[in-house]
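Read off the chains here:
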Amino acid sequence: LNNLFHLDLSKNHLKSLNKDVFVELRNVLVLNLNENNLKFIKNDTFLYLLELRSLSIINNMLQFESNSFNGVKLVNAINFSGNQMKKLERSILI
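Below is a summary of the structure that appears in this document. (Residues numbered from 1 in each chain as written. Predicted model: local features only at pLDDT ≥ 70, side-chain atom pairs only at ≥ 80, totals over all residues. Heavy atoms only, no water.)

## Focus: the overall build of the chain
Which entries qualify depends on this criterion: Labels follow the DSSP assignment, with helices taken as runs of H or I lasting at least four residues and strands as runs of E lasting at least two, numbered in each case from the N terminus. Only protein chains enter the accessibility calculation, which uses a 1.4 Å probe. A residue is then buried if its area is under 20% of the maximum for its type, exposed if over 50%, and partly exposed in between. Residues are treated as being in contact if the distance between any of their heavy atoms lies within 4.5 Å. Areas reported here follow the Shrake-Rupley algorithm with a probe of radius 1.4 Å; residue values treat only the protein chains shown as occluding.
Along the backbone of the chain there are 0 helices and 6 strands. Counted from the first residue to the last, the chain has its helices and strands arranged as β-β-β-β-β-β. Here the chain, with 94 residues, has 33% of them falling under the buried criterion. Contacts in the chain between residues far apart in sequence, at least 24 positions, make up 42% of those at least 6 positions apart. Approximately 5900 Å² of the chain is accessible, and the part contributed by carbon and sulfur atoms is 47%.

## Observations concerning the side chain of Asn83
Selection rule: We define a polar contact as two N or O atoms separated by no more than 3.5 Å, with the added condition that, inside protein, one atom must be a possible hydrogen donor and the other a possible acceptor, whereas residues neighbouring each other in sequence contribute only through side-chain atom pairs.
Mapped onto the elements, Asn83 comes out in the segment after strand S6 (77–79). In this structure the side chain of Asn83 is engaged in a polar contact, spanning 3.1 Å, whose partner is the backbone nitrogen of Asn60. A polar atom in the side chain of Asn83 sits 3.4 Å from the backbone nitrogen of Leu62. In this structure Asn83 touches Ile57, Ile58, Asn59, Asn60, Met61 and Leu62, once residues within four positions along its chain are discounted.

## What to know about the sheet that holds strand S2 (residues 30–32)
We apply this condition: Whether two strands pair comes down to DSSP finding at least two bridges between them. Angles here are taken between N-to-C directions and fall from 0 to 180 degrees, while the axes themselves are lines fitted to C-alpha atoms, restricted in helices to the stretch in contact.
The 4 strands are arranged S1-S2-S4-S6 in an open sheet whose pairing can be described as parallel. Both edges of this open sheet fall to strand S1 (6–8) and S6, since each of them pairs with a single strand only. Averaged over neighbouring strand pairs, the angle between their axes works out to 0 degrees when direction is ignored.

## Section: the side chain of Asn36
Note on placement: Asn36 falls in the loop between S2 and strand S3 (40–41). A polar atom in the side chain of Asn36 sits 3.0 Å from the backbone nitrogen of His13. One polar contact links the side chain of Asn36 to the main-chain carbonyl oxygen of Leu33, over a distance of 3.0 Å. If sequence neighbours within four positions are ignored, Asn36 has contacts with Leu9, Ser10, Lys11, Asn12, His13, Leu14, Asn59 and Asn60.

This is the structure:
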């Protein structure tokens, strides 16, 4: 899947993401996880998305571990709107 650059997984009733779900998707630039039932994102979930520039996780019920976005270095847009987060720790985004 080297030529996959835009991945839209919105409205799929996803409840969770396995830690290695994106291992073969290193070239994805845009990832849309909007309007699923995601409640928790584990550490290193996005680690293999080396080229990721835009991440949208709108209208889920999210909580994050401190290293959920570990390895995501090139992202210039993240949208968490419509979630039920009470607190966003700085360590999540570093």
